[in-house]
Amino acid sequence: MVGQKILIVEDIASLSIAYAGHLESAGYQCVIVDNLADASGQLRQDPSGFSAILLDLQLPDGNGLDWLENESDIVARISVIVATADGSINRAIDAMRLGAYDYMVKPLSPARLVTAMRGAAEVTKAARMETTDTPKSTKADSALQGFIGKSAPMQEVYRQIKNVAHSKATVFITGESGTGKEVCADAIHKSGPRGKKPFVAINCGAIPEDLLESELFGHLKGSFTGAISDRVGAVQAAHGGTLFLDEICEMELKLQVKMLRFLQTGTVQRVGATEPENVDVRIICATNRDPVAEVAEGRFREDLYYRLAVVPIKLPPLRDRGSDISLLANSFLSKFGEEEGKTFEPLTAELSASFESHGWRGNVRELQNLMRRATVMFSGPHLDATIISEFVDPSTQISETARLDAMPANVPDKSLPSAGFHALDGMTLDQVERLVVDRAVDQCNGSLTKAAKKLGVSPSTLYRKREKWQNPDSSD
C-alpha cells in the first residue's frame, strides 16, 4: 500500500486537506486538485501512476457526472470514489452507473474513507494485472462462468455482467423463479477483482425472522437465548468479497432498517455488541417479485430499494431464450447422466423443437429437474418422445407424475393413475423427496417459506435439505 497515489478532486480546501491527512496517515500519497481540468491533466500526464480518485461532484468548472461520462477511458482504468452531499444521492447512483467504484456521503468518516480507498486501489491493481496477464478469450469466458446460452437476451445479460464486474455498485437482479439469479450473482463476483475472495449467499426467505439478523450481522455470546459463543455473521464472512442476498423482498421491515444503516455506514454491529466494525463487502441482491410493487404496497422500504438498485439486471425467462433451451437440456442430460453412470445422446431435432416450444413456467430450474428425472427414468442412450408427458401442464403448473406433492398429508391419492407411480420406479426415497420439494418451490414461485407451509414443514428444514442436495460434499 505504501507509495500508492490518490488523486483528490475537491474545491473546498479544508475538506481536501482533511481527506489527504487521513489517507496519508494510512500510507498513501495524495495529489490535490480543485477542478476537473487539472484532474484530467494530472491523469493524462501520469496515466498509470494513480491507484484511485476521490471525486467531488460539484466543481467550479463542471459537473463530476459529465466528467465521468466524458473521461470513460480513465474511469475504465482507475477506480473512482464519488463524494457527495446528502441531497445528491441520486446523482451518486448515476455516477455508479457511469462506472464509479463507490460513493460516500459527506461528511466522510475517516475509517470508512480509508477502507473504501483500500478496496478501490486493490480493484485498480487487479484490473491492471488482468489487462497485462490475461488473454482476452480467458477473460470473456470467466465473465460468463456458470451460464450456458448464446441467445440475444443472454448476450445482453453478459454485457451487463462485464460492465458491472469491476465496480462496487450494488446490483439488483430480478427475474422469474428459476431463471438463474444466483448464477448471475456468482458470475459478477468471479469476473471481477473480488473473484478470489468469499462469495456468501443468504436466502432471506429461508431463514426464520428471529434468526436472520444474527445470520447477517453475527452475535456475541449470551446476547440471546442459544447464543453459546461469539459468531461472525454473513456480512463479515464476506469481507473483501461479495454478499448475495436472495429473496431480499422477504426481509422484514425492521431488519430492512438495519440493512440500510449498514449500506450507509459500511459498518456492522453484532447482536449484543456496543461498537460497530468496519467491513468491505459488495452487495448483490435478487428477487422474483416486482420490487417496485413491493415498495408501493409498503412491504419494502423505498430508501433501501434505491440504495440496492444502483445497477438493475433483469434475467429473461427461459421461454424467451430459443435454442438456449436445447443447449441447457443437453448440458444437464450429460451432467446428470454421468452422475447416474449412464451415457445419453443429445436431444433429437423433434425433441428439441418440443422443448423450445414449451412454456417452462419454472424456467431453468424446471428444465433442470426434468433432465434429472430423465436420467433416472431412462436407461439411455436416447430419450424418446414419452419425456414430453413429463412437461408441466401450463394450465395447472403441475404434471401427472408430480401430483404427489399436492396430496394432503397421510391421505393416499387413489385417483392417481398407476402410470404416475410407475414413473417413480427405480428412484430412491431421497430422489422422490427432492422431486416433491423442488416442485413445491416452483409452484410457490421460488419462495421456500410458502413451499414449507404447503408441505407442512419449517422453512429451515427445506433450507437444509436444498443445501445438502446442492452441495452434497458438505454433508459428509
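My aim in this report is to walk through the structure given alongside it, one point at a time. Every value quoted in this text rests on a predicted model; they were computed, and no experiment measured them.

**Re the sheet that holds strand β1 (residues 5-9)**
Turning to step 1, where the next piece is worked out: Spatial ordering of the open sheet is given by β2-β1-β3-β6-β7, a layout of 5 strands whose pairing is parallel. With one partner strand each, in any of the chains shown, β2 (29-33) and β7 (102-105) form the two edges of the open sheet. Pairs of neighbouring strands in the sheet enclose a mean axial angle of 20°, with direction left out of account.
Turning to step 2, where the next piece is worked out: In this sheet, β7 lies alongside strand β6 (residues 79-84) in parallel orientation, the contact comprising 4 bridges. Considered in β7, the bridge of I81 is made with D102.
Turning to step 3, where the next piece is worked out: Against the sheet, helix α1 (residues 13-25) engages β1, β2 and β3 (50-56), with an angle of about 170° to β2.
Turning to step 4, where the next piece is worked out: Lying over the sheet, helix α2 (residues 36-45) contacts β1, β2 and β3, oriented at roughly 160° with respect to β1.

**Here we look at the nonpolar core**
Turning to step 1, where the next piece is worked out: Ranked by internal contacts, the top residues of the largest apolar core, which has 45 residues, are V9, I53, L55 and W67.
Turning to step 2, where the next piece is worked out: Among the elements that line this core, the one with the most residues is helix α8 (residues 152-164), at 5 residues.
Turning to step 3, where the next piece is worked out: Leaving out residues up to four positions away in the same chain, V9 has contacts with V33, N35, L36, A39, I53, L54, L55, D56 and L59.
Turning to step 4, where the next piece is worked out: Grouped together as the second largest cluster of nonpolar side chains are 32 residues, I207, L212, V235 and L308 included.

**Thoughts on the packing of aromatic side chains**
Turning to step 1, where the next piece is worked out: Summed over all chains, the structure comprises 7 aromatic pairs.
Turning to step 2, where the next piece is worked out: Ring geometry for F147 against Y158: centres 5.8 Å apart, planes inclined by 55°, an arrangement best described as tilted. Here the residue F147 occupies a position in the loop between α7 (136-143) and α8, and Y158 occupies one in helix α8, the gap between them amounting to 11 residues. Y158 matches F147 in its accessibility class, with the two residues each being buried.
Turning to step 3, where the next piece is worked out: In this arrangement the basic side chain of K5 is found over the ring face of F50, its NZ or CZ atom lying 4.8 Å from the centre.

**Digging into the sheet that holds strand β9 (residues 199-203)**
Strand pairing in a sheet relies on backbone hydrogen bonds, with the paired strands running either antiparallel or parallel.
Turning to step 1, where the next piece is worked out: The strand order β9-β10-β13-β8-β14 describes an open sheet built from 5 strands, whose pairing is parallel. A single partner strand is all that each edge strand has here, and the edge strands are β9 and β14 (311-314). With direction set aside, neighbouring strand axes in the sheet form an average angle of 20°.
Turning to step 2, where the next piece is worked out: Bridge analysis of strand β8 (residues 171-174) against strand β13 (residues 282-287) gives 4 bridges, and the strand direction is parallel. Counted as the bridge partner of T174 is T287 from β13.
Turning to step 3, where the next piece is worked out: Helix-sheet contacts for α8 involve β8, β13 and β14, and the interaxial angle to β14 is about 155°.

**A short note on the pattern of salt bridges**
Turning to step 1, where the next piece is worked out: If you walk through the whole model with that rule in mind, you get 20 salt bridges.
Turning to step 2, where the next piece is worked out: Between E156 and R159 there is a salt bridge; the shortest N-O distance is 2.5 Å. Here R159 and E156 lie together in helix α8, a separation of 3 residues that amounts to about one turn.
Turning to step 3, where the next piece is worked out: Its relative accessible area of 34% is what places E156 among the partly exposed residues.

**Remarks on the side chain of R434**
Turning to step 1, where the next piece is worked out: By the secondary structure assignment, R434 is in helix α19 (residues 429-443).
Turning to step 2, where the next piece is worked out: Not counting residues up to four positions away in its chain, the partners in contact with R434 are R372 and W469.

**Description of the packing of helix α10 (residues 209-217) against helix α12 (residues 253-265)**
Turning to step 1, where the next piece is worked out: Following both chains from N to C, one finds α10 and α12 inclined at 10°, their axes separated by 10 Å at the closest point. Considering their axes alone, α10 and α12 lie roughly parallel with respect to each other. Facing E209, L212, E213, L216 and F217 of α10, the residues of α12 in contact are K254, L255, K258, M259 and F262.
Turning to step 2, where the next piece is worked out: Its residues placed into classes, the contact of α10 with α12 shows 6 nonpolar, no polar and 4 charged.

**Focus on the environment of A206**
Turning to step 1, where the next piece is worked out: Mapped onto the fold, A206 is located in the loop between β9 and α10.
Turning to step 2, where the next piece is worked out: On the accessibility criterion, A206 (1% relative accessible area) is buried.
Turning to step 3, where the next piece is worked out: For the pair formed by A206 and S458, sequence separation is 252 residues and the distance between their alpha carbons is 9.0 Å.

Conventions adopted
- Residues numbered from 1 in each chain as written.
- Predicted model: local features only at pLDDT ≥ 70, side-chain atom pairs only at ≥ 80, totals over all residues.
- Heavy atoms only, no water.
- Pairing = 2+ DSSP bridges.
- Helix = DSSP H or I, 4+ residues; strand = E, 2+ residues; numbered from the N terminus.
- Axes fitted to C-alpha atoms, helices over the stretch in contact; angles between N-to-C directions.
- Contact = heavy atoms within 4.5 Å.
- Core = buried A, V, L, I, M, F, W, Y, C linked by side-chain atoms within 4.5 Å.
- Buried < 20%, exposed > 50% of the residue type's maximum accessible area, 1.4 Å probe, protein only.
- Phe/Tyr/Trp six-rings, centres within 6.5 Å; stacked < 30°, edge-to-face > 60°.
- Lys NZ or Arg CZ within 6 Å of the ring centre and 35° of its normal.
- Salt bridge = Lys/Arg side-chain N within 4 Å of Asp/Glu carboxyl O.
- Parallel < 35°, antiparallel > 145°, perpendicular 65-115°, else oblique.
- Nonpolar A, V, L, I, M, F, W, Y, C, P; charged D, E, K, R; others polar.

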